Amino acid sequence: MSEVNLIGVDVGTGSVRAALVSSAGKILKTHVEPTRTWNPLSNHYEQSSDNIWNAVCECVRNVASYCPKDEIKGIGFDATCSLVVLDKQGNPLSVSTTGNNEQNIILWMDHRAHAEADFINSSKHELLNYVGGSVSLEMECPKLLWLKKNMFDQTWTKAGAFFDLPDFLTYKATGSLNRSICSAVCKWNYDAMQKTWSSEYFSNIGMVDLTTNNFYLIGQEVNVPGSPITNGLSPEAAKAMSLNAGIAVATSMIDAHAGALALLGCRNPESDLQDSLTSKLAIICGTSSCHMSLTATPVMAPGIWGPYKNAIIPNLYLNEAGQSATGVLMDFILQTHPCYGQLLEKHGNIGNIYSFLNKFLHDLAENKGLPSVHRLTTTVHIWPDFHGNRSPLADPNLKGMLSGLTMTRDVENLAIIYLALMQALAYGTRHIMEVLARSGREAIRSILLCGGLSKNTLFVQTHADICKVPVLLPHETEAVLLGSAILGACAAKIYLDLETAAVGMGGQAEIVKPDMSDNNREYHERKYRVFLRMVDDQRAYQCIMNE
């Protein structure tokens, strides 16, 4: 097969990125543009679809200029699971208390719909079984219900379409109103088993209006990711992107799911590791972290979303877990410590500070004669849910906890707290894996990491040690962009199907093996017991205060 090129577009929380990718999975060129976020009230986070689409076109024009247009055969889109609202003429319609129509996106991390999520969960509808028993206030139905309750005249009655952001991008690229089952089943409570929206569900939760005209407002046709959208790239979008009209446009994915697609297709470098799509856990580590795994048969695990049929690969079931704050929480812990200012002055930026702290910790353990760097946290323990627990407890009301505080203000104190947080995040991953295993999932034999934290060697080794499985780091580090390009390759029929495209473009990985020594394993077992005890203690405090 002669090589051609694809374009992958990723819309993250704070920026748009695009990549030119060869059909063999090599990223040739990337470009990034920032996007704007408004925060008009506490827990309200809003964006602009016009701002995002203009950034998409700028990014695509930039990377497309790297090769002749005729060599680009397809384009795929992924984005955050944010809610986009358009009016009946297709123009932006405000979701904001400010009334500004430019602010027509409720960002995924917006937590305004707390009461609405509680109300939906009180319905006990059977579709909630596919989201771990309860919807998250970060999903779309609570946000839609908030709009109906709080902006009925201003927005709800004037809406012409509600999109998940990935589907909005394919709408802008093609004019098609088709939706992706990836977004629909993971964030909108679409019934993937019956392949339909549920009128009963929307009626039960107070949004029967969404069922009118065969669910026109939320999507009459729902397709699997990677399937080509009829007629391909529209002339208008092609002109804005400097591409040829008619090239293949793929049905979209949520950003984390695109990353999981590329990770799960990545091949391990050692033949003694079982290597199949269903033997791996993919973790996309960024502001938050998403934990994705596929199974051949459905697994229902409490507090973990899914099983979502067809959400990533046709005829496989996705379980999706996550941590609401990871990278942003590590930054917060550093930036609020008294010695952060002096470290920033000395090392220049936060990335250099992380590198310094990793070396500092290893030197400190060696100077203290400890067998492992992890032993530095014997008296420091963290429960990391500063922004609530997404999985496996599905409790947005949980708070962060830190045990072992002293009045010390020096670098050693910060380094040990930083290490304890890294361990806590890995214990959270182990907690997710154990709940999946107790729910009947086959053993996970390797973890694949991508995102900013995958570049932190101590974070990677900590996950391997605590979860007791090898961690694989793909040679192609931009997994999310690669995943969206894989969608484009599938839509362009360069590969037979999406699974073949993922394996064909996923590439290989570096392996990081766990330290399975008795000493290290026993220490983490005790720390993990403390970890689980901390959440029990927090809930006990809540009971006392609620007496």
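The following paragraphs examine the structure supplied in this document. It should be emphasised that the depicted structure is a prediction, and the values quoted were computed from it without experimental measurement.

## A few points about helix α14 (residues 457-467)
- Within α14, nine of the eleven residues are buried, which leaves the element mostly enclosed by the surrounding structure.
- Taken together, the buried positions of α14 are occupied by Leu458, Phe459, Val460, Thr462, His463, Ala464, Asp465, Ile466 and Cys467.
- A distance of 3.1 Å separates the backbone nitrogen of Leu458 from a side-chain oxygen at the start of α14, and that oxygen is part of Asn456.
- One or two residues past the end of α14 sits Lys468, with phi positive at roughly 65 degrees.

## Quick word on the sheet that holds strand β19 (residues 446-451)
- A sheet is described by the order of its strands in space; here seven strands give the open sequence β15-β16-β14-β13-β19-β20-β21, paired in mixed fashion. Where the open sheet ends on each side, the last strands, each with one partner, are β15 (305-309) and β21 (509-512). Averaged over all adjacent pairs, the angle separating strand axes in this sheet is 25 degrees, with direction ignored.
- Packed onto the sheet, helix α9 (residues 255-265) meets β13 (280-285), β14 (289-295), β16 (317-323), β19 and β20 (471-474) and runs at close to 135 degrees relative to β13.
- α14 rests against β13, β19, β20 and β21 of the sheet, and its axis sits at about 150 degrees to β20.

## Description of the environment of Asp410
- Note on placement: Asp410 falls in the loop between β18 (401-403) and α13 (411-438).
- When the C-alpha positions of Asp410 and Pro338 are compared, they lie 7.8 Å apart, and in sequence the two are 72 residues distant.
- One polar contact links the side chain of Asp410 to the main-chain amide nitrogen of Asn413, over a distance of 2.9 Å.

## What to know about the environment of Gly404
- Locating Gly404 in the fold gives a position in the loop between β18 and α13.
- When its relative accessible area of 34% is taken as the criterion, Gly404 is described as partly exposed.
- On a C-alpha basis, the gap between Gly404 and Asp518 in space is 26 Å, while along the polypeptide they are 114 residues apart.
- Residues contacting Gly404, with those up to four places away along its chain left out, are Thr379 and Val380.

## Quick notes on the sheet that holds strand β7 (residues 105-106)
- Reading across from one edge, β4-β7-β6-β8 is the order of the four strands in this open sheet, with antiparallel pairing throughout. Both edges of this open sheet fall to β4 (46-47) and β8 (159-164), since each of them pairs with a single strand only.
- Here strand β6 (residues 83-87) runs beside β8; their pairing, made up of five bridges, is antiparallel. Residue pairing for β8: Val85 is matched across the bridge by Phe162.
- Most of the contacts of helix α4 (residues 165-174) go to β8, to which it runs at about 115 degrees, and overall it touches β6, β7 and β8.

## Digging into the packing of aromatic side chains
- Counted by the stated rule, this structure contains 16 aromatic pairs.
- Clustering of aromatic rings is evident, with ring pairs tying together Tyr190, Trp197, Tyr201, Phe202 and Phe215.
- Against the face of Trp146 rests Arg112, its NZ or CZ located 4.6 Å from the ring centre.
- Just above the ring of Tyr528 sits the side chain of Arg430; from NZ or CZ to the centre is 4.1 Å.

## Remarks on the pattern of salt bridges
- Taken as a whole and assessed by the stated rule, the structure comprises 19 salt bridges.
- We note a salt bridge from Glu138 to Arg390, for which the minimum N-O separation is 3.3 Å. Of this pair, Glu138 sits in the loop between α2 (114-122) and α3 (140-150) while Arg390 sits in the loop between β17 (381-383) and β18, and the two are 252 residues apart along the sequence.
- When its relative accessible area of 7% is taken as the criterion, Glu138 is described as buried.

## A word on the side chain of Glu138
- Within the structure, Glu138 has its side chain in polar contact with the side chain of His111 (distance 2.8 Å).
- Here the side chain of Glu138 touches Arg390 through a polar contact of 3.3 Å, side chain to side chain.
- Beyond its immediate stretch of four places on either side in the chain, Glu138 contacts Cys81, Trp108, Asp110, His111, Lys143, Ser324 and Arg390.

Definitions and limits used
- Each chain carries its own residue numbering, running from 1 in the written order of its sequence.
- The predicted nature of this model means local features are confined to residues of pLDDT at least 70 and side-chain atom pairs, given and counted, to a pLDDT of 80 or more, with totals for whole chains, interfaces and linings taken over all residues.
- Values shown for side chains rest on all heavy atoms present in the structure; no hydrogens or waters enter the calculation.
- Each residue's exposure class comes from its accessible area (1.4 Å probe, protein chains only) as a fraction of the maximum for that residue type: buried when under 20%, exposed when over 50%, partly exposed otherwise.
- Only runs of H or I of at least four residues qualify as helices and only runs of E of at least two qualify as strands under DSSP, and these elements are numbered from the N terminus.
- Definition of a polar contact: a pair of N or O atoms within 3.5 Å, with one able to donate and the other able to accept a hydrogen when the atoms are protein atoms, and with sequence-neighbouring residues admitted only if both atoms are side-chain atoms.
- Between any two strands, pairing holds if DSSP finds at least two bridges.
- Axis definition: a line fitted to C-alpha atoms, over the contacting stretch in the case of helices. Angles run 0 to 180 degrees between N-to-C directions.
- Note on definitions: a residue-residue contact is assigned when non-hydrogen atoms from the two residues lie within 4.5 Å.
- Stacked, tilted and edge-to-face are the three classes assigned to paired rings of Phe, Tyr and Trp, where Trp is represented by its six-membered ring and a pair needs centres within 6.5 Å; plane angles under 30 degrees give stacked, over 60 edge-to-face, the rest tilted.
- By the criterion adopted, a ring carries a charge over it if an Arg CZ or a Lys NZ lies within 6 Å of its centre and within 35 degrees of its normal.
- Put simply, a salt bridge is a Lys or Arg side-chain nitrogen that is within 4 Å of an Asp or Glu carboxyl oxygen.

Don't take any of this as a statement about function, it's just geometry.
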